[in-house]
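Each chain, written out:
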Amino acid sequence: MITLLWGITCLLALVSGNSVKTQASTGERFVCTAIPADASPGCPMAHEALSQEDVLRSTVFQLRETILQQKETIGNQKETIRELTAKLTRCESLSEGGGGPDGKHGSWRKVPGKSGGKDTMGDLPRDPSQVIDQLSRTMQSLKDRLENLEHQLRSNVSYSAMPNDLREMLQRRLGDLEHQLLNKVTELEDEKSLLHNESAAHRHKTESALTALLERVNELEKGSNTFKSPDDFKVSLPLRTNYLYGRIKKTLPELYSFTICMWLKSSASPGIGTPFSYAVSGQANEIVLIEWGNHPIELLINDKVAQLPFTIGDGKWHHIGITWTTRDGIWEAFLDGERLGSGENLAPWHPIKPGGILILGQEQDTVGGRFDATQAFVGEMSQFNIWDRVLKAEEIVNIANCSYNMPGNIIPWVDNNVDVFGGATKLPLEPCEERLTES
């Protein structure tokens, strides 16, 4: 019995020196928490800020760290067991030899350690194999949990394991995508319908243009347009109304002098009306030739008036020529090539304003409108030409005698420069030939 007590005392003495070391190596526990790569190490992360996937990754990382710690603990425990077993063997050999640690037989005693005499034999497992089995089962359990978590992570978290708010978010996104898809299909259907309508409208427009062109070709083949040249036509205004008129497409530039020539035929009374009028913004009577009521023919420039000493209401063709210059407002009037009137101080130093509207057969009270039927021209007209200079008297005589044709360099008398409205018509005419037949 004494020998057994001595052996136990020897073992306690040997173990107490290693107890503090074992406690130091295995008594501390470290817990590692995964921190995202972009997070600041000095700032703690709120768990609620982590997504479901980040939480799973952190848990897997912690389990791996725990397994590594358990493996290290098992290694330490195995080393401790081997050391204790070796020490116990040495103590048993000393006991069998009859010696104690103090050199006396039968004097086993407790050796106090740094812990104040704590019996370290009480910390040893009664059966080391049970501890190893328990740790093995713990490791297997942790391994199984780790595999489950890794499987969930690889499968990117199944839909049934998702939180309610995540499922609702995915449902909303799926609903939005479905709504966008339906809207796109509707837009494509609308574009298809619109394209079909546009194609039909374009086809109808093309067919209409071809039909009009065919009709025009038929008219030309039948000889309905018998103009010998672009200027061999007249404008006919048979009624005194406020809606029959012609319009010159071109407009006037700024003029410091001009010559206007034209052929007229009228038997209207009282007065032939207004053969032409030119109106600009701010001045409806920029240039006007008018005979209305019992008044003589008048030439208006910038609303200033000069009376012309002739009449032309005999139902025959007459050639009218008028010249004017801004210098001293000098003007001249020719009838059938003969100068019958002249004067000065007609709107002197006033340049003719550009960009106005030139109307045949009506007097304008506003630019391009407000016609008065009592001032409308009744009859026919042709060869309305304007030059930007004062023609010589012999030039006007030659035009009136049909010696040669000289179109105006500002406004020439050509078919495509004259539009007619309200029932006015353009008819074939060669004024000089018709004048000869009248004689």
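With an unreviewed UniProt entry as reference, the protein chain is termed Neuronal pentraxin 2, source organism Xenopus tropicalis. According to the UniProt record, the Cofactor (unreviewed entry) comment for the protein chain reads "Ca(2+)".

### Details of helix H5 (residues 393–400)
Listed as buried for H5 are Glu395, Ile396, Ile399 and Ala400. On an axial view of H5, the arc spanned by its buried residues comes to 135°, and they lie on one face. Immediately downstream of H5, the backbone of Cys402 shows phi near 60°, a positive value.

### Considerations on the sheet that holds strand S12 (residues 379–387)
In spatial order, the strands read S10-S9-S8-S3-S12-S1-S14; together these seven strands make up an open sheet with antiparallel pairing. In this open sheet, the two strands that pair with only one neighbour each are strand S10 (338–343) and strand S14 (425–428). Across the sheet, the mean angle separating the axes of adjacent strands is 25° when strand polarity is ignored. In the packing of H5 onto the sheet, the strands contacted are strand S3 (257–265), strand S8 (317–325), strand S9 (331–335) and S12, and the crossing angle to S8 comes to about 160°.

### With respect to the sheet that holds strand S2 (residues 245–248)
Paired through their backbone hydrogen bonds, the strands of a sheet run either parallel or antiparallel. One open sheet holds the seven strands; their spatial order is S7-S6-S5-S4-S11-S2-S13, and the pairing between them is antiparallel. Bordering the open sheet on either side are strand S7 (304–307) and strand S13 (418–421), each of which pairs with just one other strand. On average, each strand axis in the sheet is tilted by 20° relative to the strand beside it, whichever way the strands run. As paired elements, S2 and strand S11 (residues 357–360) share three bridges and run antiparallel to each other. Each bridged residue has a counterpart across the sheet, and for Arg247 the counterpart in S11 is Ile359.

### With respect to the pairing of S10
Pairing geometry for S9 and S10, over five bridges, is antiparallel. Residue pairing for S10: Leu335 is matched across the bridge by Glu338.

### Points about unusual backbone geometry
Between Ser269 and the following residue, Pro270, the backbone shows a cis peptide bond with an omega angle of -5°. Mapping Pro270 onto the fold places it in the loop between S3 and strand S4 (273–280). In the Ramachandran plot, Asn302 falls in the positive-phi region, its phi being about 55° despite a non-glycine side chain. Inspection of the secondary structure assignment puts Asn302 in the loop between strand S6 (298–301) and S7. With phi around 65°, Asn345 is a residue other than glycine that occupies positive phi space. Looking at the element boundaries, Asn345 is found in the loop between S10 and S11.

### A closer look at the side chain of Glu363
Relative to the elements of secondary structure, Glu363 occurs in the loop between S11 and S12. For Glu363, which is buried and forms no salt bridge, the nearest opposite charge comes from Arg370, at a distance of 8.7 Å. For Glu363, the residues in contact, after removing those within four places along its chain, are Thr274, Ser277, Asn285, Val288, Ile290, Arg370, Phe371, Asp372 and Gln375.

### Points about the environment of Lys250
For Lys250, the position within the fold is in the loop between S2 and S3. Between the C-alpha atom of Lys250 and that of Ile410, which follows or precedes it by 160 residues, the distance is 8.6 Å. When neighbours within four sequence positions are excluded, Lys250 is seen to be in contact with Ile410, Ile411, Pro412 and Asn417. Among the polar contacts listed, one links the side chain of Lys250 to the backbone oxygen of Ile410, at a separation of 3.2 Å.

### Observations regarding the environment of Gly368
Within the secondary structure layout, Gly368 lies in the loop between S11 and S12. Gly368 gets classed as partly exposed once you look at its relative accessible area, which sits at 32%. For the pair Gly368 and Val280, spaced 88 residues apart in sequence, the C-alpha separation works out to 8.9 Å.

### Considering the packing of aromatic side chains
Working definition: an aromatic ring pair is given by the centre-to-centre distance plus the angle between the planes. Counted by the stated rule, this structure contains five aromatic pairs. Note on Phe233 and Trp413: the rings are 4.5 Å apart at their centroids and 15° apart in plane angle, and the pair reads as stacked. Here Trp413 lies in the loop between H5 and S13 and Phe233 lies in strand S1 (residues 233–237), a separation of 180 residues in the sequence. Like Trp413, Phe233 is buried.

### Considering the confidence of the model for the protein chain
A low pLDDT means the predicted coordinates there should not be read in detail. Summary statistics for the protein chain give a mean pLDDT of 75 and a share of 67% for residues scoring 70 or more. Overall, residues 1–32 carries pLDDT values under 50, and its contacts beyond four positions in sequence, including any with other chains, amount to 60 contacts. With pLDDT under 50 throughout, residues 157–161 is counted as low confidence; its partners more than four residues away or in other chains account for seven contacts.

### Some remarks on the pattern of salt bridges
In this structure the tally under the stated criterion is five salt bridges. Note that Lys249 and Asp419 form a salt bridge whose closest N and O atoms lie 3.6 Å from each other. Here Lys249 is found in the loop between S2 and S3, whereas its partner Asp419 is found in strand S13, with 170 residues between them in sequence. Residue classification places Lys249 among the partly exposed residues on the basis of a relative accessible area of 49%. On the accessibility criterion, Asp419 (31% relative accessible area) is partly exposed. Arg389 serves as the salt-bridge partner of Glu395, at 3.4 Å between the closest nitrogen and oxygen.

### Observations regarding the nonpolar core
The biggest cluster of nonpolar side chains holds 44 residues, and the ones touching the most others in it are Phe276, Leu308 and Phe384. Top element by residues in this core is S3. It accounts for four residues. Cys261, Phe334, Leu391 and Ile396 belong to the second-largest nonpolar core, a separate cluster that totals seven residues.

### Some words on a negative patch on the surface
A surface patch of negative charge is lined by Glu187, Glu189, Asp190 and Glu191. Relative to the helices and strands, Glu191 resides in helix H4 (residues 164–222).

Here is what the cut-offs are and how they apply
Residues numbered from 1 in each chain as written. Predicted model: local features only at pLDDT ≥ 70, side-chain atom pairs only at ≥ 80, totals over all residues. Heavy atoms only, no water. UniProt positions renumbered as here; feature names shortened; annotations may be inferred. Buried < 20%, exposed > 50% of the residue type's maximum accessible area, 1.4 Å probe, protein only. Helix = DSSP H or I, 4+ residues; strand = E, 2+ residues; numbered from the N terminus. Arc of directions from axis to C-beta. Pairing = 2+ DSSP bridges. Axes fitted to C-alpha atoms, helices over the stretch in contact; angles between N-to-C directions. Contact = heavy atoms within 4.5 Å. Lys, Arg positive; Asp, Glu negative; His and termini not counted. Salt bridge = Lys/Arg side-chain N within 4 Å of Asp/Glu carboxyl O. Polar contact = N/O pair within 3.5 Å; in protein donor to acceptor, adjacent residues only side chain to side chain. Phe/Tyr/Trp six-rings, centres within 6.5 Å; stacked < 30°, edge-to-face > 60°. pLDDT = per-residue confidence, 0-100. Core = buried A, V, L, I, M, F, W, Y, C linked by side-chain atoms within 4.5 Å. Patch = residues over 30% accessible without salt bridge, like charges linked within 9 Å, V, L, I, M, F, W, Y side chains within 5 Å. Areas by Shrake-Rupley, 256 points an atom, 1.4 Å probe, with all protein chains shown as cover. Charge placed at Lys NZ, Arg CZ, Asp CG, Glu CD.

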